[in-house]
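What follows is the residue order along each chain.
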Amino acid sequence: MNTKTKGIIFIILSAFFFALMNAFVRLSGDLPSVQKSFFRNLVAVVFALVILLKSEQKFHFDRGNLKFLLLRSIFGTIGILGNYYAVDHMLLSDATMLGKLAPFFAVIASFFFLKEKLSLFQVLAVIAAFGGSLFIIKPSASAFADSLPALVGLLGGLSAGLAYTTVRYLSNRGERGPFIVFFFSAFSCLATLPFLLFDFHPMTWQQLCFLLLAGLAAAGGQFTVTAAYSCAPAREISVFDYTQVLFSALLGFFLFGQVPDGWSFLGYFLICGISAAMFFYNKRRSVARPAKRDS
């Protein structure tokens, strides 16, 4: 088995784990998104803490990166809260697809904050992907209450895209992945703790188990997605991450009896199709660059 095949397997596994995470969040019942986020990140803190304690550098980091670690944590926390709110109030597959808009928002953020150039194709792809999201959101003045969860989910996707951009920046500056995960997870737990203390909703053992399982699934997703991108570059495997929408649709159907409508399917088709087109576009550009240098 070559490294590319391993990368594809790992990223499909990560998509399954993240879909499972959203299903467990939904199964945990009528609890505030803040409370769900706290327990999800608490598990991630433990995992990242164990990894850091076993490393040579422990908790050392470049103090010049502190501002960007905070930005990553703020945007990441908003992203999780938005995603969990959407998962609780929408079809599982719809909420997942809105979260998958994060890479498109990351492209825009990279242009403004990292000064990375955008091609005309990338600009058109971002516009078309946002248009696809409207088929899922289905906004209307008379049905604002129904559209609100989708708009919150869209905000979550936007925040996640900004968080991905800061992760890219921190990685380029040599910051370690486990420390970024630990800092973000610990920050998110501390940020949500006051809300938890003043507005804690009692949980059954079953609800607590589902939240802990959501945290374990999220940790599984983090580890497998890290393994995927260590085996192969993003341009070769990232498109397979959209299998999460398929897993979410299947879990939503079998666990909750959810069936997306035709407009949602059209939105899925547009966003997945544009993602596939960007995948092949980026792959072709990466092949063309070395050829130009060789010439």
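Rules used in this analysis
- Residues numbered from 1 in each chain as written.
- Predicted model: local features only at pLDDT ≥ 70, side-chain atom pairs only at ≥ 80, totals over all residues.
- Heavy atoms only, no water.
- Helix = DSSP H or I, 4+ residues; strand = E, 2+ residues; numbered from the N terminus.
- Buried < 20%, exposed > 50% of the residue type's maximum accessible area, 1.4 Å probe, protein only.
- Contact = heavy atoms within 4.5 Å.
- Areas by Shrake-Rupley, 256 points an atom, 1.4 Å probe, with all protein chains shown as cover.
- Lys, Arg positive; Asp, Glu negative; His and termini not counted.
- Charge placed at Lys NZ, Arg CZ, Asp CG, Glu CD.
- Core = buried A, V, L, I, M, F, W, Y, C linked by side-chain atoms within 4.5 Å.
- Axes fitted to C-alpha atoms, helices over the stretch in contact; angles between N-to-C directions.
- Left-handed = near helix turned anticlockwise from the far one by under 90°.
- Nonpolar A, V, L, I, M, F, W, Y, C, P; charged D, E, K, R; others polar.
- Salt bridge = Lys/Arg side-chain N within 4 Å of Asp/Glu carboxyl O.
- Expected span 1.5 Å × (residues − 1).

## So, the overall build of the protein
Counting its regular elements, the protein contains 12 helices and 0 strands. In terms of overall dimensions, the protein has a C-alpha envelope of 65 × 50 × 40 Å along the principal axes. Per-residue burial over the protein gives 45% buried out of 295 residues. Expressed as a percentage of contacts within the protein between residues at least 6 apart in sequence, the contacts between residues at least 24 apart total 89%. When the accessible surface of the protein is summed, it comes to about 15100 Å², and 71% of that surface belongs to carbon and sulfur atoms. Charge-centre separation for the protein: the mean point of 24 positive side chains lies 10 Å from the mean point of 13 negative side chains.

## Observations regarding unusual backbone geometry
Its identity as a non-glycine residue notwithstanding, Lys58 has a phi of 55°, on the positive side. The topology assignment puts Lys58 in the loop between helix 2 (33-54) and helix 3 (66-89). Given a relative accessible area of 36%, Lys58 falls into the partly exposed group.

## Details of the nonpolar core
For soluble globular proteins, the rule of thumb is that nonpolar side chains tend to be buried together. In this structure, Met21, Met97, Leu98, Leu101, Phe104, Ile136 and Ile271 are the most contacted members of the largest nonpolar core, which totals 39 residues. Looking at this core element by element, the count peaks at 7 residues for helix 1 (residues 3-27). Not counting residues within four places of it along the chain, the set of residues in contact with Met97 comprises Ile136, Tyr242, Val245, Tyr268, Ile271 and Cys272.

## Some words on the packing of helix 2 against helix 8 (residues 177-198)
One way to put it is that helix 2 packs onto helix 8 with a least axis distance of 8 Å and a crossing angle of 145°. As for how helix 2 packs across helix 8, the hand of that crossing is left-handed. Of the residues contributing to the contact of helix 2 with helix 8, the split by class is 19 nonpolar, 6 polar and no charged.

## Observations concerning the pattern of salt bridges
Going through the model one piece at a time under the given rule, you end up with 2 salt bridges. When the shortest N-O distance is used, the salt bridge between Lys36 and Asp88 registers 2.6 Å. Residue Lys36 is located in helix 2, and its partner Asp88 is located in helix 3; the two are separated by 52 residues in the primary sequence. Residue classification places Lys36 among the buried positions, given a relative accessible area of 1%.

## Points about helix 5 (residues 102-113)
The α-helix advances 3.6 residues per turn, and as a result positions three or four apart in sequence lie on the same side. Here helix 5 contains 12 residues, and its C-alpha end-to-end distance of 16 Å stays within 8% of the 16 Å for a straight helix at 1.5 Å per residue. Taken as a whole, helix 5 has its buried residues at Ala102, Phe104, Phe105, Ala106, Val107, Ala109 and Ser110. Where helix 5 ends, the next residue or the one after it, Lys115, has phi of about 60°, a positive value.

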